[in-house]
Amino acid sequence: MKTFCLTLVAAVFCGMLMPATTLAAQSDSANQNVQELRRQLEVLREQMDKLQVRLGDLERTEGSATANKPATTLSTASAQDGTIEAAHPELQGATSKQLGAETATYTEFSEDNLAAARFNNVPLDPKYQGFFQLPGTQTLLKIGGYFKTDFIYDLKPAGNPDAFVPSSFPIPTVVGVNNANVSIRPTRLSLDFRIPSTQFGDVRFYLEGDMFGTNATTPRLRHAYAQVRNVLIGQTFTNFQDPDGYPDTLDFQGPNGMVALRNPQLRYGFALSPSTTFYISVEKPSSDVIFQTPQFTAQPDAPSPDGAIRLRREFERGHFQISGLFRSIAAFLPDGRTDSVFGWGVNFSSGVKTFGSDNLIFAIASGHGISRYIQDTSGLGIDAEVTSFTNPHLQATPAFGGEASYQHYWSRTVRSSAVYSYAAVNNTDRAPVTTFNHSTYTAANLIWNPYGSLNVGAEFLYGWTMLQNGEKANAPRIQFSAKYSFVKIDNGRR
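No experiment lies behind these values; they were computed from the predicted model shown.

### What about the overall build of the protein?
Consideration 1: A tally of regular secondary structure across the protein gives two helices and 23 strands.
Consideration 2: Evaluated residue by residue, the protein yields a buried proportion of 46% over its 494 residues.
Consideration 3: The contacts in the protein between residues at least 6 apart in sequence include a share of 65% that link residues at least 24 apart.
Consideration 4: With an accessible surface of roughly 24200 Å², the protein has 63% of that area assigned to carbon and sulfur atoms.

### Topic: the pattern of salt bridges
Consideration 1: The full count for this structure, using the stated rule, is 20 salt bridges.
Consideration 2: With a shortest N-O distance of 3.7 Å, Asp306 and Arg372 are connected by a salt bridge. Of this pair, Asp306 sits in strand S13 (residues 306-315) while Arg372 sits in the loop between strand S16 (359-368) and strand S17 (384-386), and the two are 66 residues apart along the sequence. Taken individually, Asp306 and Arg372 each receive the classification buried, so the pair is uniform in this respect.
Consideration 3: Each of Asp112, Arg188, Glu208, Asp210, Arg220 and Arg222 takes part in one network of salt bridges that share partners.

### Quick notes on the pairing of strand S5 (residues 201-210)
Consideration 1: A large share of S5 lies buried, amounting to eight of its 10 residues.
Consideration 2: As judged from the nine bridges shared by strand S4 (residues 188-198) and S5, these two strands associate in the antiparallel manner. Residue pairing for S5: Phe193 is matched across the bridge by Phe205.
Consideration 3: Count of turn residues in the S4/S5 antiparallel hairpin: two residues.

### Thoughts on the packing of aromatic side chains
Consideration 1: Counting across every chain of the model gives 10 aromatic pairs.
Consideration 2: An angle of 50 degrees between the planes, with centres 5.6 Å apart, marks the rings of Phe270 and Phe278 as tilted.
Consideration 3: By relative accessible area, Phe270 is classed as partly exposed at 30%.
Consideration 4: On the numbers, 6.2 Å between centres and 45 degrees between planes, the contact of Phe348 with Phe362 is tilted. With Phe348 in strand S15 (residues 338-353) and Phe362 in strand S16, the pair connects residues that are 14 residues apart, well separated along the chain.
Consideration 5: Phe362 gets classed as partly exposed once you look at its relative accessible area, which sits at 29%.
Consideration 6: Three or more aromatic residues joined by ring pairs make a cluster, and in this case those are Phe164, Phe169 and Tyr441.
Consideration 7: Over the aromatic face of Phe212 sits the side chain of Arg185, whose NZ or CZ is 4.7 Å from the ring centroid.
Consideration 8: A cation sits over an aromatic face here: Lys483 above Tyr146, 5.2 Å from the ring centre.

### Digging into the pairing of strand S8 (residues 262-273)
Consideration 1: Sheet topology places strand S7 (residues 231-237) next to S8; seven bridges connect them, and they run antiparallel. By the bridge assignment for S8, Ile233 is matched with Leu266.
Consideration 2: Looking at chain direction, S8 and strand S9 (residues 276-283) are connected through eight bridges and run antiparallel. By the bridge assignment for S9, Phe270 is matched with Phe278.

### Quick notes on the side chain of Arg415
Consideration 1: Relative to the helices and strands, Arg415 is located in strand S20 (residues 414-425).
Consideration 2: One polar contact links Arg415 to Asp248, side chain to side chain, over a distance of 2.5 Å.

### Here we look at the side chain of Arg477
Consideration 1: Here Arg477 lies in strand S23 (residues 472-485).
Consideration 2: Judged by relative accessible area, Arg477 falls into the buried class, the value being 0%.
Consideration 3: From its side chain, Arg477 meets the backbone oxygen of Asn160 in a polar contact 2.8 Å long.
Consideration 4: Aside from chain neighbours lying at most four places away, what touches Arg477 is Ile152, Tyr153, Asp154, Ala158, Asn160, Pro161, Asp162, Ala163, Phe164, Glu459, Phe460 and Leu461.

### Details of the environment of Ala363
Consideration 1: Along the chain, Ala363 turns up in strand S16.
Consideration 2: Relative accessible area serves as the criterion here: at 10%, Ala363 is assigned to the buried category.
Consideration 3: For the pair Ala363 and Gly351, spaced 12 residues apart in sequence, the C-alpha separation works out to 8.9 Å.
Consideration 4: With residues near it in sequence (within four places) discarded, Ala363 still touches Asn347, Phe348, Ser349, Gly401, Gly402 and Glu403.

### A short note on the environment of Val203
Consideration 1: Mapped onto the fold, Val203 is located in strand S5.
Consideration 2: Val203 sits in the buried class, given a relative accessible area of 10%.
Consideration 3: Here the alpha-carbon distance between Val203 and Gln227, two residues 24 residues apart in the chain, equals 5.8 Å.

### As for the confidence of the model for the protein
Consideration 1: Across the protein, the average pLDDT comes to 84, with 82% of residues at 70 or higher.
Consideration 2: Across residues 1-25 the pLDDT falls below 50, and counting only partners more than four positions away or on other chains, this stretch makes zero contacts in the model.
Consideration 3: Every residue in residues 63-87 scores below 50 in pLDDT, and together they form 44 contacts with partners more than four places removed in sequence or on other chains.

### Some words on unusual backbone geometry
Consideration 1: Of the consecutive residues Ile171 and Pro172, the connecting peptide bond is found in the cis state with omega at 0 degrees.
Consideration 2: Following the sequence through the fold, Pro172 ends up in the loop between strand S2 (140-154) and strand S3 (179-183).
Consideration 3: Of note in this structure, Asn121 is not a glycine but carries a positive phi near 60 degrees.
Consideration 4: Even without a glycine there, the phi angle at Arg229 is positive, about 50 degrees.
Consideration 5: Within the secondary structure, Arg229 sits in the loop between strand S6 (220-228) and S7.

Criteria and cut-off values
Residues numbered from 1 in each chain as written. Predicted model: local features only at pLDDT ≥ 70, side-chain atom pairs only at ≥ 80, totals over all residues. Heavy atoms only, no water. Helix = DSSP H or I, 4+ residues; strand = E, 2+ residues; numbered from the N terminus. Buried < 20%, exposed > 50% of the residue type's maximum accessible area, 1.4 Å probe, protein only. Contact = heavy atoms within 4.5 Å. Areas by Shrake-Rupley, 256 points an atom, 1.4 Å probe, with all protein chains shown as cover. Salt bridge = Lys/Arg side-chain N within 4 Å of Asp/Glu carboxyl O. Pairing = 2+ DSSP bridges. Phe/Tyr/Trp six-rings, centres within 6.5 Å; stacked < 30°, edge-to-face > 60°. Lys NZ or Arg CZ within 6 Å of the ring centre and 35° of its normal. Polar contact = N/O pair within 3.5 Å; in protein donor to acceptor, adjacent residues only side chain to side chain. pLDDT = per-residue confidence, 0-100.

Here you go:
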C-alpha cells in the first residue's frame, strides 16, 4: 500500500511538471527567435550603412563628371499644375574656344550680338541666364528684348526722324527748320528656344522683331532662323557681316559705312582649329538697281543667289574675321536686253580689348556691286549703273565702307564711345547727278547703368553727305535714350 501511494504521488508530481517543462521549452525558443531577429536587424543596418556610403560616393562622382561635361544636361522634372517651372541646367553649360571671353562679355546698347548665331549653338552666357524650362519638355526658352525710348532733336533737317542716316539728308538743306521727335520704334521682343542634347546636337530657334515696319505702329521681323549644330536656315545677319562689330551707340541705325544686312540664307560652318571657324552661305539675291532714262526705268533681276564665305578667329582679348561676297547683279536694259555683271566684296573686321574694360572695334569693306550690303547705301539702287545709253550695259559700282569705334569705361556702370564711319560709291558718268556719292558719320555718347537692366544715355551725332554733282548737306543731332532690358545681362563687368 505504501508502495502504491508513493507511485501515485510520483505520477501526480510528474504530471504537474510536464506543462512547466513545455512552457520552459517554448520560452527558450521565443528567446532564440528574438535573438535571431536582432542579429538579422544588425546585419541589415550594416548593409544600409554601406549602401549609404556607396550612394554618396556615386553622387559625388556623378556631380564631378557632370561639371566637366561639354554639353548641358537638364533636369526633366516639371510642375504638374500647368505653371512654368524654372529650368535647372548645370552650373556651367557648354563652352568652346570658338567664343572668346571678350566676345562673350562685350556690351553694346542695341544688343545685336545676342541675336547672332554661334558655333555649335553655344550661348554667350554658358549658364543659360534668363532661360526657363517649358513644363514636361527639355526645351528652354528666353523671352528677351527691351523697351527703348528715344528723345531726338535735330538742329537741321536730317531726313529720317527715327534713325541717323546721312544719305537721307535733304539737299538742298532747308535753313532754320529744327525737328523734335520721340520714338519707341527700336523696342524689340525676342523668343530664343534651345533644345539641348538632342540626337542632332543642340538645336536653336530664334525669333526677333521690332517696330520699324511700314509705319510707327507696325511690327517688323528682324530674325527668324533655326540652327542645328552648325547648319543654319532662315533670316539673320548675312554671313558677309561681323555680328560683333557693332559700336556702342544710342542711334538705332549705327555707322553708315558698316556692313549690315539681315538676309534669308542657308549657312554651314565648321572648325579649322579649336579657335578658328569657317562659314559658307547661300543667300537671297536682290539686285539693287534703279537707274532711269527719260524712256526707261530699270527692272532688276536676280539670276543666281548671293554667296558668302567667312573666316573667323577668336582669342581671349577679342576676335578678327575676314569675309568675301560673290553675287550676280542683273537688270533689263533700255534696248530690251537683260544684262548681268559680277559683283564681289571683301570685309575685314576686328574687336579687341585694350586697357581695362575698354574696347576697340574697326572694320573695312571694299568691292564692286556691294552697296546693298553697306548700311548707308543699301536701298539706293546703286549696286550697278549703266555705262552708256546708246550701247547700254551694266557696270558694278565700286563701293567702300569703313568704321572705327573706341569704348571706354569710366566705372563699372558708366561708359562712353566715340565713333567715326565713312561710306562711298564711285559712280559712272551716266549716273544721275543727284546720285549718292559719299557720306560720313560721327558720334560720341555717355551711357549710365544706374540699376539692374536699366540703361540711360545721351549722344551727339554729326553727319555729312555729298551727291554726284558736288551738292552736299550736313546735320547735327542730339539724342537721349532710355532702355530697359527684359533680361538683365550680367557680362562680368557689374
